[in-house]
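# Summary of structural features
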Amino acid sequence: MEYFLNQLVNGLCQGAIYALMAIGYSVIVGVVGMVTFTYGEIMMIGAFSAYYIFQAFGNNLPLAILAAFTGSFVIGIIVYKLCYEKFFNAPRHISLLCTIGISMLIKNLAQIVFGPETKPVLDIIENRTFTIMLGSVRLDIKLLQIVVILLVIVLAGTLTLFFNKTKWGIALRAVSQNKDAAYLMGINVKRTALIGNCIGSGLGGVAGILLSIYYYSVSATMGGAYSMKAFAASVLGGLVDIRFSALGGLCIGIIENLGIAVSAATFRDVFAFGFLILVLLIRPQGFVSKKGVRV
Amino acid sequence: MVDGKKTVLEIEDLSVHYGYISALDHVSLHVEQGEIITLIGSNGAGKTTTLMAVSGLAAKTNGTIRFKGQDITKTAPDKIVKMGLCHVPEGRKIFPALSVYENLIAGSLGNPALKKERIQELIEEQFNLFPRLKERIGQAGGSLSGGEQQMLAISRGLMMDPDIVMLDEPSLGLAPIIVEDIFELIMKIRDMGKTILLIEQNASMALSIADRGYVLENGRIIMEGKGKELLVNPKVKAAYLGA
């Protein structure tokens, strides 16, 4: 029981990171209108941007988060220019294949530039554990986990405010829901899609740094599995609904951690994707209640 | 040109092709300030294509389009809108997951010159035109009924405070009683000082409120005249009015 509860806490924390990944992914898919497979590499670039900030300026978390967001934001511009801009009216698979190609390119370039070895990211957040006693059950929560969860909540809240209360946010959502109609509202659809793509990428970058401090490491090839999980989480949420995608991420995190509690840590991905398949078998539209309702 | 009024929109020799198929063949028409102009024709005659070409969403193979004297043939769609041309698309195309209020705000994006107070005024104007929308202000656009969605689409367009409103089949799929409301509304919009270019399959309704009308057939304009005249024209009657 105690073990399960502690795994649930781990799951919540990991799920929070997945939720952030999924939010970023959904924003991209929504405004661009095409799926991306470069997301893992975008997260990796974010993590490395932060890594070099840690190397240069010590444990400055806010600065590192800013760097991660900016680094991934810039990569977002490149991905947009190469994979989407020319292909809005082309069949969808063309830009999809482009993103796969760019993903390989970035991954391999990163191995050359950053080096192929896994680099440690240690002691960014003080290793402190808070213990809560629930009756006789002992619950351990790390400071790291609290920081991660709070960060995700703050970011998600900020994003929600941005999307709902600002003109930019409304323009982004309009583009994500109907591009032709958005043109007729005088919205510069291409520029808005670019900015949406970059904001989503930036969030991915922040998720990347959170993953690296959560696992104490960063490597050029870290993106692959997370890219698939971000995809899975947002598929659970109906691909473009950011709230449900976040919920999807949270569920995957929790399922994973409960799953490895009854088996072994190497089965992590089996539970994540098994859960995805199971949900899609029962509800092909994901968690979203109505078809066609977006962001 | 007519009655010495100012020409708002002028289309000259416009041709549009979809692949090898010719959708519009040297179409010319003009819209004067304060007029209601209607474009009638059967399915596939090129009515929607004309509007799409004007607002820059369809690629043109020939011709020029001038709006308020400026050549907009090659201008980007969002820039055309910002010049004061509003296009309410066929099938309403409201933003389903934006609330009614947010849909209206999205409309106001089309006119960057609008100040905050003016936007509030415009919203109030819309609520006066369509009291129903006020009741549904917080509801998602997608949850409205067809008629309400059409009203929302029109008000969303009016939120940019445009010079000309192009309406594409505003009565499509609506109950007859609501269709009448929509047409009354179109006249109200004209009385607000807007110029209107209206596309309709409901030719008799459209012609009865229009100052002038054009009849489009297979991508060509085959007839032009005052609304009332076309309404009694035997050819038009036979082809479009079902009489």
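Numbering of residues starts from 1 in every chain and runs along the sequence as written. Both sets of labels track the order of writing: A upward for chains, 1 upward for ligands. Per-residue local features are limited, in this predicted model, to residues with pLDDT of at least 70; the limit for side-chain atom pairs, both in listing and counting, is 80 or more; totals at the level of whole chains, interfaces and linings are taken over all residues. The basis for the side-chain values is all heavy atoms of the structure; hydrogens and waters are excluded.

So, on to the packing of aromatic side chains. A pair of Phe, Tyr and Trp rings is counted when the ring centres sit within 6.5 Å of each other, with Trp represented by its six-membered ring. The angle between the planes then sorts it: under 30 degrees is stacked, over 60 is edge-to-face, the rest tilted. If you walk through the whole model with that rule in mind, you get 14 aromatic pairs over all chains. Note on A:Tyr25 and A:Tyr39: the rings are 5.3 Å apart at their centroids and 85 degrees apart in plane angle, and the pair reads as edge-to-face. Placement of the pair is A:Tyr25 in helix α1 (residues 2–32) and A:Tyr39 in helix α2 (residues 39–57), with a sequence separation of 14 residues. For A:Tyr25, a relative accessible area of 0% translates into the label buried. Only protein chains enter the accessibility calculation, which uses a 1.4 Å probe. A residue is then buried if its area is under 20% of the maximum for its type, exposed if over 50%, and partly exposed in between. Accessibility expressed as a relative area gives 0% for A:Tyr39, which makes it buried. One aromatic cluster is present, formed by A:Tyr25, A:Phe37, A:Tyr39 and A:Phe231 through successive ring pairs. The side chain of B:Arg156 reaches across the aromatic face of B:Phe95, ending 4.8 Å from its centre. For the purposes of this entry, the term helix denotes a DSSP run of H or I that reaches at least four residues, the term strand denotes a run of E that reaches at least two, and both are numbered from the N terminus. Here, a charge over a ring is recorded when the distance from Lys NZ or Arg CZ to the ring centre is within 6 Å and its angle to the ring normal is within 35 degrees.

For the rest of this paragraph, the subject is the domain arrangement of chain B. All names here are of chain B. Bear in mind that the domain bounds are from an automatic or database domain assignment. Entries for chain B in the domain assignment read domain 1 (1–84 + 163–243) and domain 2 (91–162). For domain 1 versus domain 2, the separation of C-alpha centres amounts to 23 Å. When the two sides are added together, the surface that domain 1 and domain 2 hide from each other amounts to roughly 1400 Å², 72% of it contributed by carbon and sulfur. Between Lys 194 and Asp 161 there is a salt bridge, with its nearest N and O atoms 2.7 Å apart. Any pair of nitrogen or oxygen atoms within 3.5 Å is treated as a polar contact; in protein, a donor-acceptor pairing is required on top of that, and neighbouring residues in sequence qualify only through side-chain atoms on both sides. Counting across the interface, domain 1 meets domain 2 through two residue pairs in polar contact (both at pLDDT 80 or more). Secondary-structure elements contributing two or more residues to the side of domain 1 that touches domain 2 are α2 (77–82), β7 (164–168) and α7 (176–191). Among the elements that make up the side of domain 1 that touches domain 2, the one with the highest residue count is α7 (five residues). Residue classes in the side of domain 1 that touches domain 2 are distributed as 12 nonpolar, one polar and five charged. Summed over both partners, the accessible area lost on bringing two parts together, with a 1.4 Å probe, is the buried area. Here, a salt bridge means any Lys or Arg side-chain nitrogen found within 4 Å of an Asp or Glu carboxyl oxygen. Under the convention adopted here, Pro, Cys and the residues Ala, Val, Leu, Ile, Met, Phe, Trp and Tyr are nonpolar, Asp, Glu, Lys and Arg are charged, and Gly plus all remaining residues are polar.

This part takes up the sheet that holds strand β2 (residues 21–32) of chain B. All names here are of chain B. For two strands to be treated as a pair, DSSP must find at least two bridges joining them. What the four strands build is an open sheet, ordered β2-β1-β4-β5; its pairing is antiparallel. Across the chains shown, the open sheet's two edge strands, defined by having one partner strand only, are β2 and β5 (70–71). Where strand β4 (residues 62–67) and β5 come together, two bridges link them in antiparallel fashion. The partner of Phe 67 across the bridge, within β5, is Gln 70. Note on definitions: a residue-residue contact is assigned when non-hydrogen atoms from the two residues lie within 4.5 Å. Lines are fitted to the C-alpha atoms to define the axes, a helix being fitted only along its stretch in contact, and any angle between axes, read from their N-to-C directions, falls within 0 to 180 degrees. Contacting β1 (7–18), β2 and β4, helix α1 (residues 47–54) runs over the sheet at an angle of about 115 degrees to β1.

Attention shifts here to the sheet that holds strand β3 (residues 36–40) of chain B. Residues and elements named next belong to chain B. Pairing is mixed across the open sheet formed by six strands, whose spatial order is β6-β7-β8-β3-β9-β10. Here the strands that pair on one side only, and so sit at the sheet edges, are β6 (85–88) and β10 (220–226). Sheet twist, expressed as the average angle between the axes of neighbouring strands with direction ignored, equals 15 degrees. Here four bridges tie β6 to β7, and the two strands are oriented parallel to one another.

Residues and elements named next belong to chain B. Checked against the element boundaries, Lys 115 lands in the loop between α3 (100–108) and α4 (116–129). With a relative accessible area of 57%, Lys 115 lands in the exposed category. Taking the C-alpha atoms as reference points, Lys 115 and Lys 68, separated by 47 residues in sequence, lie 23 Å from one another.

Attention now moves to the pairing of strand β8 (residues 195–200) of chain B. Residue and element names in this part refer to chain B. Extensive coverage of β8 is indicated by the burial of six of its six residues. By the alternation rule, side chains of β8 split into Thr 195, Leu 197 and Ile 199 and Ile 196, Leu 198 and Glu 200, which are all buried. Of the pairings in the sheet, the one linking β3 to β8 comprises five bridges and is parallel in character. Bridge assignment links Ile 36 to a residue of β8, and that residue is Ile 196. In this structure, β7 lies alongside β8, joined through five bridges in parallel fashion. Within β8, the position partnered with Asp 168 by the bridge is Ile 199. Call a crossover right-handed when, viewed with both strands pointing away from you, the route from the first strand across the helix to the second goes clockwise. Crossover β7 to β8 through α7 is right-handed.

Next up on the list: the interface of chain A and chain B. Taken together, the contacts link 21 residues of chain A with 22 residues of chain B. Roughly 2000 Å² is buried in total at the junction of chain A and chain B, and carbon and sulfur atoms are behind 70% of that figure. Of all residues in chain A, A:Ile170, A:Leu184 and A:Met185 bury the most surface against chain B, accounting for 36% of the area lost on that side. Summed over the shared surface of chain A and chain B, the result is one salt bridge. Connecting chain A to chain B are five residue pairs in polar contact (both at pLDDT 80 or more). Among the elements of the structure, α6 (167–177) and α7 (179–184) of chain A are those that each provide at least two residues to the side of chain A that touches chain B. Examining the composition of the side of chain A that touches chain B, we find that six residues originate from one element, α6(A), more than from any other. Taken together, the residues of the side of chain A that touches chain B sort by class into 11 nonpolar, six polar and four charged.

A helix is expected to reach a length of 1.5 Å times the quantity of its residues less one. Its 31 residues give α1(A) an end-to-end C-alpha distance of 44 Å, which sits within 8% of 45 Å, the value for a rise of 1.5 Å per residue. Most of α1(A) sits inside the fold, with 24 of its 31 residues counted as buried.

A separate point is the pairing of strand β9 (residues 212–217) of chain B. Here β9(B) lies mainly inside the structure; five of its six residues are buried. The turn joining β9(B) and β10(B), which pair antiparallel and follow one another in sequence, is formed by two residues; a positive phi near 45 degrees is taken by B:Asn218.

Attention shifts here to the nonpolar core. Among the nonpolar cores identified, the biggest contains 82 residues, and A:Met21, A:Phe54, A:Ile209 and A:Ile213 are the most heavily contacted of them. In terms of residues, this core owes the most to one element, α1(A), which gives 15 residues. For the purposes of this section, nonpolar cores are sets of buried Ala, Val, Leu, Ile, Met, Phe, Trp, Tyr and Cys residues that join through side-chain atoms within 4.5 Å. A:Ala174, A:Ala182, A:Tyr183 and B:Val236 belong to the second largest nonpolar core, which has 61 residues in total.

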